[in-house]
Amino acid sequence: MPSARRTPPRDEQPSRNVVPEPSKDGEVVPEEIAPGIHRLATDYPHVCGLPLWLHVIDAGSELVLLDAGIASTPESSTAPELAGLGLGLSDLTLVVNSHAHPDHMGGNAVLRKHSGARFAAPALEAGWLEDNERLLTELWGSDPDALDLSETERTELLEMLDERVRIDVLLRDGDRLPGERPLQVITTSGHSPGHIAVLDETSRTLFTFDDVQGRGRPYLGSSLWLAPLYTDVTRYTNGLTRLLELDFDALVPSHGDAMDATAGRRLIEESIEWVAGVDELTTGLLRSKGSLTVRDLADAVGTELGAYGGINLQTVRMARAHLEHLARRGGAETRWHHRA
Ligand SMILES: [Zn+2]
């Protein structure tokens, strides 16, 4: 997810493959990507310039919504999308948040208002999922010298986040989601510290949400890219390696189109290669400069490795993760300096 709202200029408005056109009778018809699984378009491309898909799964006694979108998504997008399937928000019985980023859980409060659904999310991220201030401080505010949210950005983030909802079902690695359909939870801890993937064992569809990031993603209609985001190098690569070991026929990310197993595995491998590339850049810069701040490294990652816009949440967290990684291996020392 981006650092804050980014409204695409008029000539960058998302193309029609992102938001489905209404059918003749005015209703959108969501695509069925596997038996009993439909993908739902969202308003996110118009708000932040990136595709974002939610998925609804018929799990027998449960109607499961994978991810909630931002605060505006349920009423503007999910309700009309479900209507195209003859359903409504009130039919949902379980909402799963893959991780505690605004575009995956900002819609929780509105969904609670319109349905009796329970909320399930990674146990490791319950703190972020239930406390906006804590999320802003720990995620955006971790490196105050490198990244400082403006009041406007703060306000925009809080608008997308809305009010927090208590998580009813805390998910751990190896759990199965409630319902008759075998939906397995895999903790990847990559893109976000408690991030999960969900494997539908019936159709062998693997929902990876934001975890398999490759070299990042292009903003719609722009030359800028959103950089990958992770907070711990070893946990990110271990999570990706675990995904490679799973048996799946389709890999479904949140911010792009579904892929077959070959393309999915290739993207996982590219994600691991990206980490090695940043590691190399970090080591090389430290060797030539002698010392490096999170800000210096974030700027280098965000300009030298691609058009990632320099310093932002993604590059800052990545820079910090790689410096910590190097320090743990004894290749650098962490330092704080007194400012005169
Ligand atoms: Zn995310």
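Scroll up to find the structure.
Cut-off values and rules
Residues numbered from 1 in each chain as written. Predicted model: local features only at pLDDT ≥ 70, side-chain atom pairs only at ≥ 80, totals over all residues. Heavy atoms only, no water. Pairing = 2+ DSSP bridges. Helix = DSSP H or I, 4+ residues; strand = E, 2+ residues; numbered from the N terminus. Donors = N, O, S within 2.8 Å, 3.2 Å for Na, K, Ca; no water. Tetrahedral: all angles 85-135°; square planar, octahedral: opposite > 155°, others 65-115°. Buried < 20%, exposed > 50% of the residue type's maximum accessible area, 1.4 Å probe, protein only. Phe/Tyr/Trp six-rings, centres within 6.5 Å; stacked < 30°, edge-to-face > 60°. Lys NZ or Arg CZ within 6 Å of the ring centre and 35° of its normal.

S.K.: Help me understand the sheet that holds strand 8 (residues 183–187), please; the structure alone is not making it clear to me.
M.R.: Paired through their backbone hydrogen bonds, the strands of a sheet run either parallel or antiparallel. Spatially, the five strands line up as an open sheet ordered 8-9-10-13-14, and their pairing is mixed. If you trace the sheet from one side to the other, it starts and ends with strand 8 and strand 14 (259–260), each paired once. Pairing of strand 13 (residues 250–253) with strand 14 involves two bridges; the strand directions are antiparallel. Note that in strand 14 the partner of A250 across the bridge is D260.

S.K.: Sorry, what's going on with the environment of T155 here?
M.R.: With respect to the secondary-structure elements, T155 resides in helix 7 (residues 151–161). Counting along the chain gives 58 residues from T155 to N97, while the straight-line C-alpha distance between them is 22 Å.

S.K.: Is there a simple way to think about the coordination of the zinc ion in this case?
M.R.: Six octahedral donors at a metal ideally form angles of 90 or 180 degrees, and four tetrahedral donors ideally form angles of 109.5 degrees. Around the zinc ion, the protein contributes the donor atoms H99 (NE2), H101 (ND1), H191 (NE2) and D210 (OD), at 2.2 to 2.3 Å from the metal centre. Metal-centred angles of 87 to 178 degrees between the four donor atoms at the zinc ion mark the site as irregular. Positions of the donor residues of the zinc ion, expressed as sequence spacing, correspond to H-x1-H-x89-H-x18-D. Here the residue H101 occupies a position in the loop between strand 5 (94–96) and helix 3 (102–105), and H191 occupies one in the loop between strand 8 and strand 9 (196–200), the gap between them amounting to 90 residues. Across the pair, H191 and H101 agree in class, each one buried.

S.K.: Mind showing me how you'd approach the packing of aromatic side chains here?
M.R.: Any two aromatic rings considered together are summarised by their centre-to-centre distance and by the angle between their planes. This model, assessed by the stated rule, comprises three aromatic pairs. Plain terms: the ring middles of W274 and Y308 are 5.5 Å apart, the flat faces sit at 75 degrees to each other, and that makes the pair edge-to-face. Of this pair, W274 sits in helix 9 (residues 261–289) while Y308 sits in the loop between helix 10 (294–304) and helix 11 (313–328), placing them 34 residues apart in sequence. Relative accessible area serves as the criterion here: at 3%, W274 is assigned to the buried category. In this structure, R39 packs its charged tip against the face of W53, placed 3.5 Å from the ring centre. It is R265 that lies over the ring of F248; its NZ or CZ is 4.5 Å from the centre.

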